[in-house]
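# Fold and contact review
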Protein chains: 2
Amino acid sequence: MNKSNYCVIMAGGIGSRFWPFSRNNRPKQFLDFFGTGRSLLQMTVDRFRTLVPVENVLVVTNAAYKATILEQVPDLPAENILCEPCRRNTAPCIAYAMARIRAHCKGGNANVVVAASDHLITNEQEFCRVIAEGLGYVAKHDCLLTLGMRPTRPETGYGYIQIDRHQSAAQGSIMPVKTFTEKPNRELAEVFFKSGEFLWNSGMFLWNIDAIMNALHRYLPELMLQFDLGVTVIGTDSEEAFIQEHFPQCPNISIDYGVMEKASNVMVMEADFGWSDLGTWGSLYDLSDKDNNGNVSLHSQSCFYDAQNNIVTLESGKLAVIEGLENYIIAENEGVLLICRKQNEQHIRQMVNDIQVLYNGKYS
Amino acid sequence: MNKSNYCVIMAGGIGSRFWPFSRNNRPKQFLDFFGTGRSLLQMTVDRFRTLVPVENVLVVTNAAYKATILEQVPDLPAENILCEPCRRNTAPCIAYAMARIRAHCKGGNANVVVAASDHLITNEQEFCRVIAEGLGYVAKHDCLLTLGMRPTRPETGYGYIQIDRHQSAAQGSIMPVKTFTEKPNRELAEVFFKSGEFLWNSGMFLWNIDAIMNALHRYLPELMLQFDLGVTVIGTDSEEAFIQEHFPQCPNISIDYGVMEKASNVMVMEADFGWSDLGTWGSLYDLSDKDNNGNVSLHSQSCFYDAQNNIVTLESGKLAVIEGLENYIIAENEGVLLICRKQNEQHIRQMVNDIQVLYNGKYS
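Our focus in this paragraph is the overall build of chain A. A count of helices and strands for chain A gives 11 helices and 17 strands. For 364 residues, the compact-globule formula gives about 21 Å, and the C-alpha radius of gyration of chain A, at 21 Å, lands near that figure. Dimensions along the principal axes, computed over C-alpha positions, put chain A at roughly 65 × 50 × 35 Å. Scored against the burial criterion, the 364 residues of chain A give a buried share of 56%. Counting contacts in chain A only where the partners sit at least 6 residues apart, residues at least 24 apart contribute 66% of the total.

Looking at chain A, pLDDT values average 93 and 98% of them are 70 or higher. Scored as a whole, the predicted complex attains pTM 0.80, and scored at its interfaces, ipTM 0.79.

Grouped together as the largest cluster of nonpolar side chains are 51 residues, with contacts concentrated most on Met98(B), Leu144(B), Trp207(B), Leu216(B) and Phe227(B). Looking at which element gives the most residues to this core, the answer is helix H3 (residues 90-104) of chain B, with 9 residues. Residue contacts for Leu144(B): discarding those within four places in its chain leaves Leu206(B), Trp207(B), Ala211(B), Ile212(B), Ala215(B), Val259(B), Met260(B), Ala263(B), Asn265(B), Val266(B) and Met267(B). Within the second largest apolar cluster, 50 residues are counted, among which are Met10(A), Cys105(A), Val114(A) and Ala263(A).

So, on to the packing of helix H3 (residues 90-104) of chain A against helix H6 (residues 209-219) of chain A. Residues and elements named next belong to chain A. Orientation of H3 relative to H6, taken along the N-to-C sense of each, is 135°, at an axis distance of 11 Å. Here H3 is positioned oblique relative to H6, judged by the angle of their axes. Helix-helix and strand crossings are classified by hand; for H3 and H6 the assignment is left-handed. Facing Ala95, Met98, Ala99, Ile101 and Arg102 of H3, the residues of H6 in contact are Ile209, Asp210, Ile212, Met213 and Leu216.

This part is about the relation of the copies chain A and chain B. Overlaying chain A with chain B gives an RMSD of 0.1 Å, the required rotation being 180° about an axis along which the chain moves by 0.0 Å. On the angle and the small slide along the axis, the relation comes out as a two-fold axis.

Let us look at the pairing of strand E8 (residues 174-181) of chain B. Residues and elements named next belong to chain B. Across 4 bridges, strand E7 (residues 160-163) lies against E8 in antiparallel orientation. By the bridge assignment, glutamine 162 is partnered in E8 with threonine 179. As paired elements, E8 and strand E10 (residues 266-271) share 3 bridges and run antiparallel to each other. Bridging from a neighbouring strand, proline 176 pairs with methionine 267 of E10.

Counting from both sides, the interface comprises 34 residues of chain A and, opposite them, 34 residues of chain B. Interface area, chain A with chain B, both sides summed: about 2,800 Å², of which 56% is carbon and sulfur. By the criterion of area lost to chain B, the three top residues of chain A are Leu319(A), Glu323(A) and Leu337(A), representing 24% of everything that side buries. A salt bridge links Asp306(A) to Arg341(B); the nearest nitrogen and oxygen atoms lie 2.6 Å apart. Between chain A and chain B we count 26 residue pairs in polar contact (both at pLDDT 80 or more) in total. At the level of elements, strand E13 (301-305), strand E15 (319-323), strand E16 (328-333), strand E17 (336-341) and helix H11 (348-358) of chain A are the ones that each hand at least two residues to the side of chain A that touches chain B. Here the side of chain A that touches chain B takes 6 residues from E17(A), the largest share from any one element. Partitioning the side of chain A that touches chain B into residue classes produces 21 nonpolar, 6 polar and 7 charged. Here E15(A) runs beside strand E17 (residues 336-341) of chain B; their pairing, made up of 4 bridges, is parallel.

With that settled, consider the pattern of salt bridges. Working definition: two side chains of opposite charge can pair if their charged atoms are close together. Following the criterion strictly, the structure yields 36 salt bridges over all chains and no others. The partner of Glu239(B) in a salt bridge is Arg100(B), and the shortest N-O contact between them spans 2.9 Å. Here Arg100(B) lies in helix H3 and Glu239(B) lies in helix H8 (residues 239-246), a separation of 139 residues in the sequence. As far as the burial class goes, Glu239(B) and Arg100(B) line up, both buried. Connected through shared salt-bridge partners, Glu315(A), Lys318(A), Glu332(A), Glu315(B), Lys318(B) and Glu332(B) make up one network.

Turning our attention to the side chain of Thr90(B). Residue and element names in this part refer to chain B. Note on placement: threonine 90 falls in helix H3. Only 2.8 Å separates the side chain of threonine 90 from the backbone nitrogen of isoleucine 255, close enough to count as a polar contact. Threonine 90 has contacts with Met10, Ile253, Ser254 and Ile255, leaving out every residue within four places of it along the chain.

What follows covers the environment of Ala189(B). For Ala189(B), the location among the structural elements is in helix H5 (residues 186-195). Counting along the chain gives 29 residues from Ala189(B) to Tyr160(B), while the straight-line C-alpha distance between them is 9.0 Å.

A separate point is the sheet that holds E17(B). What the 6 strands build is an open sheet, ordered E13(A)-E15(A)-E17(B)-E16(B)-E14(B)-E12(B); its pairing is mixed. Since the sheet does not close on itself, it has two edges, and those belong to E13 of chain A together with strand E12 (296-298) of chain B, each with one partner. In this sheet, adjacent strand axes meet at a mean angle of 10° when their direction is disregarded. With 3 bridges joining them, E12(B) and strand E14 (residues 311-313) of chain B adopt parallel strand pairing. Looking across to E14(B), one finds that Leu298(B) is bridged to Thr313(B).

The next subject is the sheet that holds strand E15 (residues 319-323) of chain B. Read across the open sheet, the 6 strands follow the order E12(A)-E14(A)-E16(A)-E17(A)-E15(B)-E13(B); overall the sheet is mixed. The sheet is open, and its two borders are formed by strand E12 (296-298) of chain A together with strand E13 (301-305) of chain B, each paired with just one other strand. Strand-to-strand twist in this sheet, taken as the mean axis angle between neighbours without regard to direction, amounts to 10°.

Right, let's get into the side chain of Gln72(A). Within the element layout of this structure, Gln72(A) appears in helix H2 (residues 66-72). Those residues in contact with Gln72(A) that lie beyond four places of it in its chain are Gln29(A), Phe30(A), Ser39(A), Leu41(A) and Gln42(A).

What follows concerns the environment of Gly282(A). Residues and elements named next belong to chain A. Positionally, glycine 282 belongs in helix H10 (residues 281-287). Glycine 282 sits in the buried class, given a relative accessible area of 16%. Between the alpha carbons of glycine 282 and cysteine 303 there is a distance of 21 Å; along the sequence they are 21 residues apart.

All names here are of chain A. Looking only at helix H7 (residues 221-228), the buried set comprises Leu223, Met224, Gln226 and Phe227. Taken down its axis, H7 places every buried residue within 145° of arc, on the same side. Across H7 from its buried face, at more than 90 degrees, point the exposed residues Pro221, Glu222 and Leu225. Buried positions along H7 lie against H3, H6 and helix H8 (239-246).

What counts, and at which threshold
Residues numbered from 1 in each chain as written. Chains lettered and ligands numbered in written order. Predicted model: local features only at pLDDT ≥ 70, side-chain atom pairs only at ≥ 80, totals over all residues. Heavy atoms only, no water. Helix = DSSP H or I, 4+ residues; strand = E, 2+ residues; numbered from the N terminus. Rg over C-alpha atoms; globule rule 2.2 N^0.38 Å. Buried < 20%, exposed > 50% of the residue type's maximum accessible area, 1.4 Å probe, protein only. Contact = heavy atoms within 4.5 Å. pLDDT = per-residue confidence, 0-100. Core = buried A, V, L, I, M, F, W, Y, C linked by side-chain atoms within 4.5 Å. Axes fitted to C-alpha atoms, helices over the stretch in contact; angles between N-to-C directions. Parallel < 35°, antiparallel > 145°, perpendicular 65-115°, else oblique. Left-handed = near helix turned anticlockwise from the far one by under 90°. Least-squares fit on C-alpha atoms with pLDDT ≥ 70 in both. Pairing = 2+ DSSP bridges. Buried area = accessible area lost by both parts, 1.4 Å probe. Salt bridge = Lys/Arg side-chain N within 4 Å of Asp/Glu carboxyl O. Polar contact = N/O pair within 3.5 Å; in protein donor to acceptor, adjacent residues only side chain to side chain. Nonpolar A, V, L, I, M, F, W, Y, C, P; charged D, E, K, R; others polar. Arc of directions from axis to C-beta.

Printed below as a string of structure tokens:
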């Protein structure tokens, strides 16, 4: 295992779209989504175990979740959990982790992979092969490498990366990026899908520490001003106090918008290891095993009568008996039962807000 | 209070149509249906408290429910709970209770009202007035008096009693019966409802002990043979052993079919005190308070989005968030969630059977 390899896992999200299964005190990344006994965070950490020494695994999160992370990943050094005092999107999160890695590797090289804590990957062997290849590539190249997933459908829920297959710099599956695009509408998604030139933007990145530090300083100088003030304290006992003071002053900006869409040395590595950001009940439904009528049951037993294409998750050991429903989410957790049409799951966020107000946070 | 007044409450039913709210070990009559803190049985006993001394209140049930009844009605003398060793329909149940009353009143008169433990009555004051009038009537007349409820809709879920408004014996609201009819189909129910000659058969009866004993001996001699053997032991410590031996030998027959439809001295008292046998989720829905969209929530909080005419009952303190459902039953209790169209609630009995087999009784 290469001791210069680092991994940064972003685990600060709250995942309100999976309410009531996810809650403020137990967001998506900490849930055992598939009843396998392992949370999404645990599965994410485990995927990197053959590539990155555990002392080089950093998890960036909210202080409220630190205990949960230590409980779920007991061999992770406590100081590797970086706590953000407030939510400031992905650029400050990544800048903080890079500042820590810079301090940790003491001027030596570091090859870094950045990943979300709450995505699903179905072909872990292929994932490891791709990440190993990517880490090897960024060790030798001054570039910002993003992972682009080969699309399997004209998905409107993801951003896309347009590749430049013909440019001379292309090397194997690693190619220059032409553009990043926002989530497309249905018609555009169809065009993207058919063209073969567009990959799903997975939000996973690889780079060496010099390349990302140069890019952050160049494109987000205001942000890096904060972290440059901490060069002598990050990695020491004074780091926490420093972060408490300076992190809230960082601009709220994503790494995609702040760096990736601006830098000229961005490359994309085309990959195909069965990926989903598990952003919606619909995506969880798509990925789950179904019965003959297209029904999915997670964690609990279900009996269906004249019912098709539903996803049901109750607390473990419970039984659902469903008659006459089609295309519904039925989710029960800790005193809340949600029944909602799959097509209207984008309303769940509003429902959570309503209920937050109505019940003074009781069910949030 | 007239010490010759007796009341018999039939509480042996299992109420599988309200599964999973009702269970084998906790049938309908023991449930706090409306979240008032009183079960249907408790409400039934309470309704008779001004008319019948508690030592004259008998509850006929299954031995498995005796402890529950004593818990719910702590001032009921334990010996007033008559336990049937097996289910034999209403005629043996009533014959057993009458044999006990005959022994208890020691040859004196007894005016008896027989009622189910699991019906709902909304106007309790009117109920008491009607029952007092009926008890007074049967004290002086050799007749079998049944309570006929003035219909409020062409219900197909009840049997009907046709009255003879013009016969000379009619006295106030107490009239001779022309016929008893089974549950009608929709068309027939409309005719019954419009005619004004048909009342709902409530299954409540009033009579004096001589009148019912004579009728039982005349129309069900085979049944009464069993109880006549026990004349010297019923009401003594030997009663339980006697019943264990002889009750199972009783024919399985209803009091309606065995006696009421055959006897010539049957009268009906027309009443209107807001009655339902709570036989179905639909009847519970009809009787419950509704929000502006026709939704009913029992025991639990509910938020509805684009949802109409549903009935929701979760365990106390839980929250239901319901999107895009119309005319459904949503009922959760002790590890089971049922979602079923109201129009298909007659299938619930089959579902309970299926689940009994599939899960070896676990959720029954």
